[in-house]
Amino acid sequence: MRMSRASRGDAEAGLAEGPGLAEAVGEILERLRSLEGPLLPILHAVQDRFGFIPADSVPLIAKGLNLSRAEVHGVISFYPLFRTGPPGKRTLYICRAEACQAMGGAVLEAHAKRALGIDYGGTTADGEFTLEPVFCLGNCACSPSVLLNGRLHSRVDPKAFDELIGR
Amino acid sequence: MSVRVLVPSDSTAKSLGADAVAAAVAEAAPALDVRRTGSRGLYWLEPLVEVETAAGRIGFGPLDVQRARTLFAGGAPSAEHPDCLGLVAELPALKAQARLTMTRAGVVEPLSLAQYEAHGGFLGLRRAQSLTAQEIVAAVTESGLRGRGGAAFPTGVKWRTVLQAEGSQKYIVCNADEGDSGTFADRMVMESDPFLLIEGMRIAGLAVGADRGYIYCRAEYPQAIATLDEAIRLAAAAGHLHGFHLQVREGAGAYICGEETSLLESLEGKRGTVRYRPPLPATAGLFGKPTVVNNVISLATVPVILAQGAEHHRSFGVGRSLGTLTVQLAGNVRRGGLFEVPFGVTLRQVVEDLGGGTASGRPIKAVQAGGPLGAYIPPQHFDTPLDYESFQTIDAMIGHGGLVVFDDRADLGTLARYAFEFCAEESCGKCTPCRVGAVRGVEVVDRIRRGERAVDNRILLKDLCRTMIDGSLCGLGGMAPLPVLSVMEHFAEEL
Ligand SMILES: Cc1cc2nc3c(=O)[nH]c(=O)nc-3n(C[C@H](O)[C@H](O)[C@H](O)COP(=O)(O)O)c2cc1C
Ligand code: FES
């Protein structure tokens, strides 16, 4: 996934089924199939387009690359950033790694879960936020770090978090 | 000509408000020429705004929008302004460094080829073009450069193997997966000086006879990916790639894909499971072809070796750890950022003198060196020199050069548990000691912490660690026990 995009807001979620899907996946396959090792770039492109990798795209990708569905599925399930269901409007990644823990990351994690009423992997009932863990954002000198819809935020304490989510 | 003002655009600087500061400066003083550079890595000063003067660049920071507006109302502030930090190049934090690799970061506009060349760019490539492949490999070998990704394998030796390998197609693969907590040096090169990495890969291509290269960059670095894509396009258009085919590929959140064979699997479009060795990637790597896999910093250090000579590189460092280490100071530290220093300075000099101790002002309890698989080092070992061999003597490793500082409130028992939790989460599943061992490790740590048969379970835990170290296929399972053992040894009351 492009962590910078991939929110339902700018993805074409409505296209994730039906003939629109086949056309979009076909176009992506056409464009990327000739790369060496094309599967990951194709999965990224599909996810960029839809915000996740729709189940119906798997047989199309498999056929296009002459792979089995199981192989494609196996790859999707291996990588934490590939999603198989739609995310909320905004995806919030909280860094769980050590440098962020050294600056109160665990307090932030607990606060975020409480404030949003969801656990990691969950989406708020209003469809606004999806909460995901991430292991380091390369922002470790200004911890704790949060990535909200592709934008990095530094030194996020619970108060700053509340401002970020507008509550 | 209007005065030039430089505002960093690196992703940490942006996360601290650099974009808004740049806009505020431009609005407060429209006559100024506001440019966006990368970052010098002095992150406690970001957003650090620099103003060009006859004497050199002067700095102001950290700035927020409010301060930027006041400071730049009616024009650029002068060196006499009370908030001025003085000449940036003379800042003690930079003067104390030996910047061999990170010379342009924060100085140039990252995507300006003209500025890249004006600041010494492509000198190494030009030199390499006048040498034979053997001579390039010899220079890199003589420089003493060892891989900066963690394993510290001599780069020249690896290149010689690939050069001598049979094969019409060879590859240069740059490992830009940078998954270790506490590290951001690769990101800085990619965001702040991308042509440097391209130049290094191009030289590697000449050295081993490879005309294709891939940069495998983690998805968590969208700005690095975008910057590299554009830099490659610009370098190719200006004729700097000479038929070398270079592409960026994006990971998808798997830590294990930093391990080189797993990375190659991922590049091939598969699950990122670790390969058995032999064969080594150098003889059968990407798509079974001879492949150089090197870390970003290793490749980014090659141009200066070619440009200034192997001797110059060797003149830094100690023993078998030659050149410089791009230390990344992170976590609970007052001055967090990138410090490029010669190997051999002590941990204390870096953490206390350069880093200024903890951000919280409390005593340091431990420093984790080398990422999530690295040891927690207690203060009694802070006089250890930062070099690969000395770190071995204290059962620690330098890895990619990340140092994460913890103050006295840190719970090392929880952190030890986390090491196993992380390993369980990230294991590729191919070998049993890692896949199962990490899960059992979490359970045993929990039992000890609950006081259940603590003596027996401590023995069991050590035994489990030994099994993982000896029996794992790669460094994930092989090293995840190191932080745990370090806690058991140095912070016994917590585990
Ligand atoms: C679990 C694991 C993760 C690794 N992650 C990285 C990484 O993110 N970046 C990196 O350059 N090397 C990483 N390495 C080391 C690589 O396997 C390999 O040694 C390195 O890319 C070789 O390049 P170098 O010689 O220039 O260091 C990792 C190793 C292991 C065992
Ligand atoms: S550890 Fe959180 S950003 Fe690196």
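Before any of the text, the structure's been laid out above.
A. Spotlight on the overall build of chain A. Within chain A, the secondary structure is distributed over 7 helices and 4 strands. When the helices and strands of chain A are placed in sequence order, the string is α-α-α-α-β-α-α-β-β-β-α. Restricting the contact set of chain A to residue pairs at least 6 apart, pairs at least 24 apart contribute 66%. Working note: accessible area of chain A is about 6900 Å², and carbon and sulfur atoms make up 51% of it.

B. Structural view of the interface of chain B and chain A. Between chain B and chain A, the residue contacts involve 60 residues of the former and 39 residues of the latter. Taken together, the two surfaces of chain B and chain A that pack against each other cover about 3700 Å², and 57% of this comes from carbon and sulfur. At the junction of chain B with chain A, the criterion picks out 2 salt bridges. For B:Glu421, the salt bridge is made with A:Arg96, and the minimal N-O distance between the two is 3.2 Å. Taken together, the connections running from chain B to chain A amount to 22 residue pairs in polar contact (both at pLDDT 80 or more). Residue assignment for the side of chain B that touches chain A shows that the elements contributing at least two residues are α1 (11-15), β6 (212-217), β7 (245-250), α12 (260-267), β11 (324-331), β15 (402-407) and α17 (412-426) of chain B.

C. Broad picture of the environment of B:Gly401. Position of B:Gly401 among the secondary structure elements: in the loop between α16 (388-393) and β15. On a C-alpha basis, the gap between B:Gly401 and B:Ala369 in space is 7.1 Å, while along the polypeptide they are 32 residues apart.

D. Quick peek at the sheet that holds β7(B). Residue and element names in this part refer to chain B. In space, the 4 strands of this open sheet follow the order β7-β6-β5-β8, with parallel pairing throughout. Of all the strands in the sheet, the pair left with one neighbour each is β7 and β8 (291-295). Going from strand to strand, the sheet's axes swing by 20° on average, the running direction of each strand aside. Where β6 meets β7, 6 bridges bridge the pair, whose relative direction is parallel.

Criteria and cut-off values
Residues numbered from 1 in each chain as written. Chains lettered and ligands numbered in written order. Predicted model: local features only at pLDDT ≥ 70, side-chain atom pairs only at ≥ 80, totals over all residues. Heavy atoms only, no water. Helix = DSSP H or I, 4+ residues; strand = E, 2+ residues; numbered from the N terminus. Contact = heavy atoms within 4.5 Å. Areas by Shrake-Rupley, 256 points an atom, 1.4 Å probe, with all protein chains shown as cover. Buried area = accessible area lost by both parts, 1.4 Å probe. Salt bridge = Lys/Arg side-chain N within 4 Å of Asp/Glu carboxyl O. Polar contact = N/O pair within 3.5 Å; in protein donor to acceptor, adjacent residues only side chain to side chain. Pairing = 2+ DSSP bridges. Axes fitted to C-alpha atoms, helices over the stretch in contact; angles between N-to-C directions.

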